[in-house]
Number of protein chains: 2
Amino acid sequence: MVTIQDVAKAAGVSPMTVSNVINDHPNVRPSTREKVLEAMARLDYRVNVAARNLRKGRTGVIGLAVPEVNSPYYGRLAAGIITAAERRGLRVSIEQTASRENELDALSLSRNHQYDGLILSAAGMSQADAERLKVDHPVVVLGDRIFGGPVDHVAMPNLEAARAATRHLIERGCRRVAILCGAVEEVDTSSLRLTGYRQALEGAGLPTDPALIQQVDRLGMREGARRAREMAEGGLDFDGVFCVTDSLAMGVLRGLTDTGIRVPDQARVIGFDNVSESEFFIPSLSTVDPDHDGMAERAVDLLIRRIEQTEPSTRHHDFVGDFSLVIRESTGG
Amino acid sequence: MVTIQDVAKAAGVSPMTVSNVINDHPNVRPSTREKVLEAMARLDYRVNVAARNLRKGRTGVIGLAVPEVNSPYYGRLAAGIITAAERRGLRVSIEQTASRENELDALSLSRNHQYDGLILSAAGMSQADAERLKVDHPVVVLGDRIFGGPVDHVAMPNLEAARAATRHLIERGCRRVAILCGAVEEVDTSSLRLTGYRQALEGAGLPTDPALIQQVDRLGMREGARRAREMAEGGLDFDGVFCVTDSLAMGVLRGLTDTGIRVPDQARVIGFDNVSESEFFIPSLSTVDPDHDGMAERAVDLLIRRIEQTEPSTRHHDFVGDFSLVIRESTGG
DNA sequence: TTGTAAGCGTTATCAT
DNA sequence: ATGATAACGCTTACAA
């Protein structure tokens, strides 16, 4: 391995001068710089990042921990974070957590030392784990299960957006609006969106029929399709479905088609996330478009402030993103 | 920051003993281990990975560089690699390259020092860049543009699979089969699949009409939809479309629907990749299912052999994955 | 079984 | 403008 020492020797200067050249420090005579650059090229020198990290205590890399990399939603999230971080001169390294265990693991500083900070998309952790977030390294939490914790936090406008989505169905004439969500336990994405759904019904003076509240254990297309078929074949009376994710909604569109129910004529469907597929689905899917990029921007911004310690470590921010409704064919265009 | 020294002092032992405890070395008396563990817990000690890496020259992490994280295909790929690596006790860190520049960058050892090895999904690089792959760190290249290069290489069965997909359309009665692919320049995914398409037509004694070879500049849904509309509205005579990616194919399904062409009655469509959405699309999409997991497994395996130097550095492997056809509604079920 | 010494490659500090 | 020195926190090799 070629080290700074080797380059120094070859160029007839001190290691320090080589370092100065590498890092573009000002006080290097042009002729010296030339000599060094030439030696670096000749020896094919590459900086040893591990050594640099050790010395600097910084890596220039932030970690992004998500439950799943192969999901349209987290893919979209990752893309936003990468763009936002790039603009700030940071690289992003993505890790898949898959379980609450791994989420806590990702937090554990043993990993954190490899990153200047961590953006943790917490799906498995709950309020009960909030204590564990008390780490002395920069962390920003994304998600809906932790609020007022000991870290900065960026969340979706779940309640308001769910209310708006449900209201949209009602405005289009739906009177028997179902919701398709995940298991509801304490505060999480499904529970918040369910509350928004309830509020919308209430606001319109419609009754809340428990039979219309449909829960599945995974928020994927397969589950959406299966449940939609069950609802249709079981004779459930509904003319609208608010799905808490686009994946669910696309599954529902499939399931309804399978059972001969026409969307939007016989039932209107709206999703949540505005993943890229929803625009091209047949019928195209109405959905909630959260301000992904705004949230990503904000998360990176908060993290950088922690990294650079420009924020007092006693105050923590809870940021809730923006949203808009995207109306497409599945609710009548 | 709490260091090994601090723990050693607190436990009344030497730093070395602490290190031995951390690394589960055998020769530590249980009582000593207890003392050390207690001190570690009390001081909330975390190992400094940068220091360990510097000393060991290993990180236990492999890098995965993909052009895009927010794409069903690369998401699927990443998931496979993560699973395969996990089984071998390695963690995976994903980076987005987005351009040829960044792909070369990812190669550059400056980054590589952070990983034990790199799996590079090369979309922007071409055979001309093959020389650049001559790095003395473990690298496995995924993709269709580099063959016989100075690194191990894992590729899709492009030619054979494209031939099979096209043949399937022909067997279903299509006589005017179009192909939708990307810009064809030297050897790349599109060119290989185009060749497979040509071979299938030839094998069936069908003429190759240049008008049926449709090229777009990005392989996404939007491009597929737009081009399908253009083809339909332009009066192009076709009764089948082989799309070189599922994204393109889903876009095509959308575009054909928009112009009133019924699939599969008036035109059959087949894709490539078997992304998870294709099963639920309406109509569900027939497609080539590459053995993603097998390829991922193989890529990780090859990389590990390089890392552990169990493979002579003079010989390099070119592995071509397996595939199967998944027949769904878009070609008649 | 435990401890000592040295060094991984880099850069901050201070001196020249 | 350049260089000597000393760390960063850890582990390998060896000594006790």
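Residues numbered from 1 in each chain as written. Chains lettered and ligands numbered in written order. Predicted model: local features only at pLDDT ≥ 70, side-chain atom pairs only at ≥ 80, totals over all residues. Heavy atoms only, no water.

Looking at an unreviewed UniProt entry, chain A carries the name LacI family transcriptional regulator, with the source organism given as Streptomyces spongiae.

On to the pairing of strand β9 (residues 268-272) of chain B, then. Residues and elements named next belong to chain B. Of all five residues in β9, four are buried, a share of seventy percent or more. The pairing of strand β8 (residues 240-243) with β9 spans three bridges and is classified as parallel. For Gly 240, the partnering residue across the bridge sits in β9 and is Arg 268. Crossover connection from β8 via helix α11 (residues 246-258) to parallel β9: handedness right-handed. The sheet contact formed by β9 and strand β10 (residues 286-290) spans three bridges and is parallel. (Buried < 20%, exposed > 50% of the residue type's maximum accessible area, 1.4 Å probe, protein only. Helix = DSSP H or I, 4+ residues; strand = E, 2+ residues; numbered from the N terminus. Pairing = 2+ DSSP bridges. Right-handed = clockwise from strand over helix to strand, strands pointing away.)

This brings us to the interface of chain B and chain A. The partner chain A presents 47 residues to the 46 residues of chain B that form the contact. Its largest share of buried area at the contact with chain A, chain B owes to Arg 254, Phe 280 and Ile 282 of chain B, together 17% of the area lost on that side. Connecting chain B to chain A are six salt bridges. There are 12 residue pairs in polar contact (both at pLDDT 80 or more) connecting chain B and chain A. Counting residues per element, the ones that place at least two in the side of chain B that touches chain A are α4 (49-56), α5 (72-87), β2 (91-96), α7 (109-112), α10 (221-233) and α11 of chain B. Residues that form the side of chain B that touches chain A fall into these classes: 23 nonpolar, 13 polar and 10 charged. (Contact = heavy atoms within 4.5 Å. Buried area = accessible area lost by both parts, 1.4 Å probe. Salt bridge = Lys/Arg side-chain N within 4 Å of Asp/Glu carboxyl O. Polar contact = N/O pair within 3.5 Å; in protein donor to acceptor, adjacent residues only side chain to side chain. Nonpolar A, V, L, I, M, F, W, Y, C, P; charged D, E, K, R; others polar.)

Attention shifts here to the pairing of β10 of chain B. Residues and elements named next belong to chain B. Counting buried residues along β10, four of its five residues qualify, which places the element largely inside the surrounding structure. Relative to strand β12 (residues 323-326), β10 is paired through four bridges, and the arrangement is antiparallel. Each residue of the ladder has a partner; that of Val 288, found in β12, is Leu 325.

What follows concerns the relation of the copies chain B and chain A. In screw terms, the move from chain B to chain A is a rotation of 180 degrees and a rise of 0.1 Å along the axis, fitting with an RMSD of 0.2 Å. Between the two chains, the operation in question is that of a two-fold axis. (Least-squares fit on C-alpha atoms with pLDDT ≥ 70 in both.)

This part covers helix α5 (residues 72-87) of chain A. Residue and element names in this part refer to chain A. Here α5 contains 16 residues, and its C-alpha end-to-end distance of 23 Å stays within 8% of the 22 Å for a straight helix at 1.5 Å per residue. Of all 16 residues that make up α5, 12 are buried, and the element is covered over most of its length. Residues of α5 that are buried include every one of Pro 72, Tyr 73, Tyr 74, Gly 75, Leu 77, Ala 78, Ala 79, Gly 80, Ile 81, Ile 82, Ala 84 and Ala 85, and no others. (Expected span 1.5 Å × (residues − 1).)

All names here are of chain B. Strand order in the open sheet formed by six strands is β7-β6-β8-β9-β10-β12, and the pairing between neighbours is mixed. Each edge of the open sheet carries a strand with a single partner, namely β7 (213-216) and β12. Across the sheet, the axes of successive neighbouring strands diverge by a mean angle of 20 degrees, strand direction being ignored. The strands that α11 touches are β6 (177-182), β7, β8, β9 and β10; relative to β9, the one it contacts most, it runs at about 155 degrees. (Axes fitted to C-alpha atoms, helices over the stretch in contact; angles between N-to-C directions.)

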